[in-house]
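Each chain, letter by letter, is given below.
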Amino acid sequence: ALGCLAQGHAALLLLLPSVLGLRVGSKLGSKSQAPVEPSLASDYDFIMGNAQEQTFSKEALLEDIALAHQYQKKSDALWGTLDQESFKNYVLPYQVATEAPSKWRAEFHEKFWPEVKDKSKKEAVRFLNRAAFSYLNVSYKADYPGHKPDQNPSESRDLHYASCTGLSIILVSACRSVGVPARLAMTPAWVTTSQPEEGKNGLSAKDQNHSWVEVFVDGKWHYVGASEDTALDKTWFTAQASKAKRRSEGDYKHSIYAVTYAKSDDTLPAPWDESKTVNVIEVVDRYSK
């Protein structure tokens, strides 16, 4: 089993069905007829209405929503009140992209909140970008036995490795667990140049796609590479990202997008697995020059 939950949360979880588990990444079970508290109804409807995979139990989802609200009150008191749109899309969801639904919020919060509660939000993100991967004992590797590009945190911990997408899922989840709005950003294909090796570090061979993380800090979105101990908006791929181009008819792959939980008018094949789709918003203008 994964790390211990706080005693108060553990006692609460014991009252719930065994499907909840105490393991990051445990699958959420079948639906039930449990009533929805009025205070949680709007968020429950939002999650259910936009979920890609309807295999979780109502009890598990309601518990996760209640914890998200409980933890957000703490982070609001520390860093200021978060707007509801950012909370619903980039803190509340248990799923980051196309990974299997998993339970990570309580464990990550109990592990990391004591360490970030005395930091600024920017400092908290940098701390999490080190601590989350150390805690799970996960690092980047392009290929390895059992490799799946969109692993959830438990799958990555079991294998000790993850792709850039899997690493990004971990960091987004860790940020959300302490009330920092976070989302996965990606490009289906970098714009290449005459230098064949430029920008290939950490990228897949096919289309040179890449995933990273955006966090909402000090009123605007910033980017950071997952499992990279760098300041916000300063990464090894900053120059490469500046070459990205707005999408045009017949060419969407050379732009940059952020994944949103809410269904959008813009749905693309997931670059890491084109049999799956993601809801996105185009954010290339913040990167390109």
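Heads up: the structure comes first, above all this text.
**Observations regarding the packing of aromatic side chains**
The full count for this structure, using the stated rule, is 15 aromatic pairs. Plain terms: the ring middles of W79 and W113 are 6.0 Å apart, the flat faces sit at 75° to each other, and that makes the pair edge-to-face. On the criterion of sequence distance, the pair formed by W79 in helix α3 (residues 58-79) and W113 in helix α5 (residues 105-116) is long-range, its members being 34 residues apart. On the numbers, 5.7 Å between centres and 70° between planes, the contact of W212 with Y287 is edge-to-face. You can see W212 sitting in strand β4 (residues 210-217) and its partner Y287 sitting in the segment after β8 (273-282), a full 75 residues away along the chain.

**Observations concerning the sheet that holds strand β6 (residues 257-259)**
Spatially, six strands are ordered β5-β4-β3-β6-β8-β7 in an open sheet, and the strand pairing comes out antiparallel. Single-partner strands in this sheet number two, and they are β5 (220-224) and β7 (267-270). Strand-to-strand twist of the sheet, defined as the mean angle between neighbouring strand axes without regard to direction, takes the value 45°. Alignment of β6 against β8, held across three bridges, turns out to be antiparallel. Considered in β8, the bridge of V259 is made with V280. Most of the contacts of helix α6 (residues 121-136) go to β4, to which it runs at about 150°, and overall it touches β4 and β5.

Cut-offs used in this document
Residues numbered from 1 in each chain as written. Predicted model: local features only at pLDDT ≥ 70, side-chain atom pairs only at ≥ 80, totals over all residues. Heavy atoms only, no water. Phe/Tyr/Trp six-rings, centres within 6.5 Å; stacked < 30°, edge-to-face > 60°. Helix = DSSP H or I, 4+ residues; strand = E, 2+ residues; numbered from the N terminus. Pairing = 2+ DSSP bridges. Axes fitted to C-alpha atoms, helices over the stretch in contact; angles between N-to-C directions. Contact = heavy atoms within 4.5 Å.

Function cannot be inferred from these measures alone, as they are strictly geometric.
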